[in-house]
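Spelled out from the first residue to the last, the chains are:
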Amino acid sequence: PLSALMSGVRLPSYLLQPEHVQINSVNFWYAPTACTTNTHYDSYHNLLLVVSGTKTVELCPPGTVQPSAFFSEHANHPLLLRPRELVSCQQSAKERILEQTRHSILSNTMVVSISAGEALYIPPGWWHRVESTSGCLAINVWFEPRWNHQKAVPSSILSTVNNQPTTDDASKVLNTMRKSRKYMLPFRLRELAREYFDEHFTDWALHKIAAEREKIQFRNFSPSCSELVLEKRPLDLFALCKRLLEAITCHYPHGGIQPILDLLHFFLYNVDLENSSHRRCAMKFFSDAFDLKENTERLVSSLLNLTPMACFIITHIWEKHAASTKVKEYADLSLNGATSNSEAEESFNKFFMDCGAKEESVRAYLAKGVYVFRCKAAKCLVVEDILMGATST
């Protein structure tokens, strides 16, 4: 394992003094061929040390590039690199973002090359894109100050820069760091918002799903759906799954998608995402539903008309199950020395493959639905509850 290599690594103790900094991780990077990373930023202080070869780093201060939404899975990447997040933007807005980004990068980018024996300090929140030569080997250390929760530049690094004979480039970097407070404020706000969102999102989502579950019985469903909706609760999800499959086959073998869409929403809103048996039941339901080949087309059409909340539930069923499965796989690994592919991963891939020619359309639709659902959560949790002081609805 790579951890065995740590015994041969000597980090610069003067810069990374244990009483001043806490090391979060040490990473090895090897480029068998020349390669380039996407533009991104890191949340930690970053010390990049080259062992062999050369790395060329393009650096921009926070605020130079418009980032993805703080609640997205790619919050530390530029919005322009996330086409699914740009879908909701008008063409004029996309062009404006592109032009602003181009101008800002040209005005603020610094290019630094470091070779064997050299190091580069990258502050948190700073955008960077890294080019590596073939065979380049490097180590980077992510760390944070023990004494400062505002992610300021550690004094040991500042004093090192101050005590060295400075070139014009070094002076420019140092002065920019000292004047970057206005750039750092948005970054710090995003980090706090992200931390708050991650802490509260699941509870918010479960509360919203429970509320929708209660409201669904008052909707104007078709007769067969109404019979299921009016049953006593809590429902036996496995019995419900069987009845839904029967309803899809017997009651709605032909016609439009609305009856199936109603049944899907009713079923999904009754899945307890914290219950592993419920998650398994949901995974089996979709597997069995797709086995009804004569209804596949209408089932896929129904998936492409789900609400954002239902899109989140479907995706979370497999994500949550994959997380719990992974814990078990680690236990199996320690006992057996090997592990199989995740049950949830295989099932999720099969779910999309069963969609046939519409596989990519369903993937994109569910991803967009989850993004819209998380966007609503962000507005409620952060904008309304915290910034505006309103109660989320």
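Structure shown above.
Residues numbered from 1 in each chain as written. Predicted model: local features only at pLDDT ≥ 70, side-chain atom pairs only at ≥ 80, totals over all residues. Heavy atoms only, no water.

A. The overall build of the protein chain, seen in detail. Regarding its fold elements, the protein chain presents 13 helices and eight strands. For the protein chain, contacts bridging at least 24 residues in sequence account for 79% of all contacts bridging at least 6. (Helix = DSSP H or I, 4+ residues; strand = E, 2+ residues; numbered from the N terminus. Contact = heavy atoms within 4.5 Å.)

B. Examining a nonpolar patch on the surface more closely. On the surface, V383, I386, L387 and M388 cluster together into a nonpolar patch covering about 410 Å² of accessible area. For L387, the location among the structural elements is in helix 13 (residues 359-387). (Patch = residues over 30% accessible without salt bridge, like charges linked within 9 Å, V, L, I, M, F, W, Y side chains within 5 Å. Areas by Shrake-Rupley, 256 points an atom, 1.4 Å probe, with all protein chains shown as cover. Salt bridge = Lys/Arg side-chain N within 4 Å of Asp/Glu carboxyl O.)

C. Structural view of helix 10 (residues 296-303). Across the eight residues that make up helix 10, a large majority, six, are buried. Buried within helix 10 are the following residues: T296, R298, L299, V300, S302 and L303. (Buried < 20%, exposed > 50% of the residue type's maximum accessible area, 1.4 Å probe, protein only.)

D. A look at the side chain of N27. Take N27: it is sitting in strand 1 (residues 21-31). Not counting the four nearest positions on each side in its chain, N27 is found in contact with A138, I139, N140 and W142.

E. Quick peek at the state of the cysteines. Counted by the stated rule, this structure contains zero disulfides. Lacking any disulfide linkage, C380 is separated from the closest cysteine sulfur, that of C375, by 9.8 Å. Taking the relative accessible area as the measure of exposure, C380 reaches 4% and is therefore buried. (Disulfide = S-S within 2.5 Å.)

F. Representation of the packing of helix 8 (residues 258-269) against helix 10 in the model. Relative orientation of the contacting elements helix 8 and helix 10 amounts to 60°, with a least axis distance of 9 Å. When the axis of helix 8 is compared with that of helix 10, the two are oblique. Helix 8 and helix 10 meet at a crossing whose hand is right-handed. When helix 8 is examined against helix 10, the residues I260, L261 and L264 are found in contact with a partner set consisting of R298, L299, S302 and L303. For the contact of helix 8 with helix 10, the class distribution of residues is five nonpolar, one polar and one charged. (Axes fitted to C-alpha atoms, helices over the stretch in contact; angles between N-to-C directions. Parallel < 35°, antiparallel > 145°, perpendicular 65-115°, else oblique. Left-handed = near helix turned anticlockwise from the far one by under 90°. Nonpolar A, V, L, I, M, F, W, Y, C, P; charged D, E, K, R; others polar.)

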